[in-house]
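# Working through the structure, step by step
Listed here are the chains, written in short residue letters.
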Amino acid sequence: IGFLELSRVISTRWAKLVETDPDIKQFVSKLAKQELEVYQREVEEYKELTKDMVPSAAPAKTTAKKSKKRKQSEQSQQQEVAPAASMMMMMPQHQM
């Protein structure tokens, strides 16, 4: 099973979870909310602790030109991906 199909299966099951097992959906949603609150609190603490720090003198990124060989390699990779993507669009979708 590919990533795209896996994400479809998971999202479909999540959407139907309220019908099949509302207690688990409520429990998981509550955990997610608690974890988000902890994360947001920690981010605020981090920002408060680092607000007076001087940013490092990292070198600025430069936009270098791509070599001809690299351009050709990227183009051939894109051409290989395109047929695979169109094949996935033609595949039948399995319902759960």
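Residues numbered from 1 in each chain as written. Predicted model: local features only at pLDDT ≥ 70, side-chain atom pairs only at ≥ 80, totals over all residues. Heavy atoms only, no water.

### So, the overall build of the protein chain
Counting its regular elements, the protein chain contains three helices and zero strands. Going from the N terminus to the C terminus, the protein chain shows its helices and strands as α-α-α. The 96 residues of the protein chain split such that 3% are buried. (Helix = DSSP H or I, 4+ residues; strand = E, 2+ residues; numbered from the N terminus. Buried < 20%, exposed > 50% of the residue type's maximum accessible area, 1.4 Å probe, protein only.)

### Here's the deal with helix α1 (residues 3–20)
Compared with an ideal rise of 1.5 Å per residue, which puts 18 residues at 26 Å, α1 spans 24 Å between its outermost C-alpha atoms and is within 8% of the ideal. Of all the bends in α1, the largest measures some 30 degrees and sits at W14. (Expected span 1.5 Å × (residues − 1). Bend = angle between axes of the 7 residues up to and from the residue.)

### Comments concerning the pattern of salt bridges
Under the defined criterion, the tally for this structure stands at two salt bridges. The partner of E5 in a salt bridge is R8, with the nearest N and O atoms 4.0 Å apart. Taken as a pair, E5 and R8 lie in helix α1 at a separation of three residues, close to a single helical turn. With its nearest N and O atoms 2.9 Å apart, the salt bridge here joins E48 to K51. (Salt bridge = Lys/Arg side-chain N within 4 Å of Asp/Glu carboxyl O.)

### Digging into the confidence of the model for the protein chain
In the predicted model, the protein chain carries a mean pLDDT of 79, and 68% of its residues have values of at least 70. Mean pLDDT values over the elements of the protein chain span from 60, in helix α3 (residues 68–90), up to 95, in helix α2 (residues 22–50). A low-confidence stretch, residues 85–90 (pLDDT under 50), is modelled with one contact involving residues beyond four sequence positions or located in other chains. (pLDDT = per-residue confidence, 0-100. Contact = heavy atoms within 4.5 Å.)

### Digging into the packing of α1 against α2
Running from amino to carboxyl end, α1 crosses α2 at an angle of 120 degrees, the nearest separation of the two axes being 6 Å. When the axes of α1 and α2 are compared, the pair comes out oblique. Across from W14, L17, V18, E19 and T20 in α1, the residues of α2 making contact are P22, I24, K25, V28 and S29. (Axes fitted to C-alpha atoms, helices over the stretch in contact; angles between N-to-C directions. Parallel < 35°, antiparallel > 145°, perpendicular 65-115°, else oblique.)

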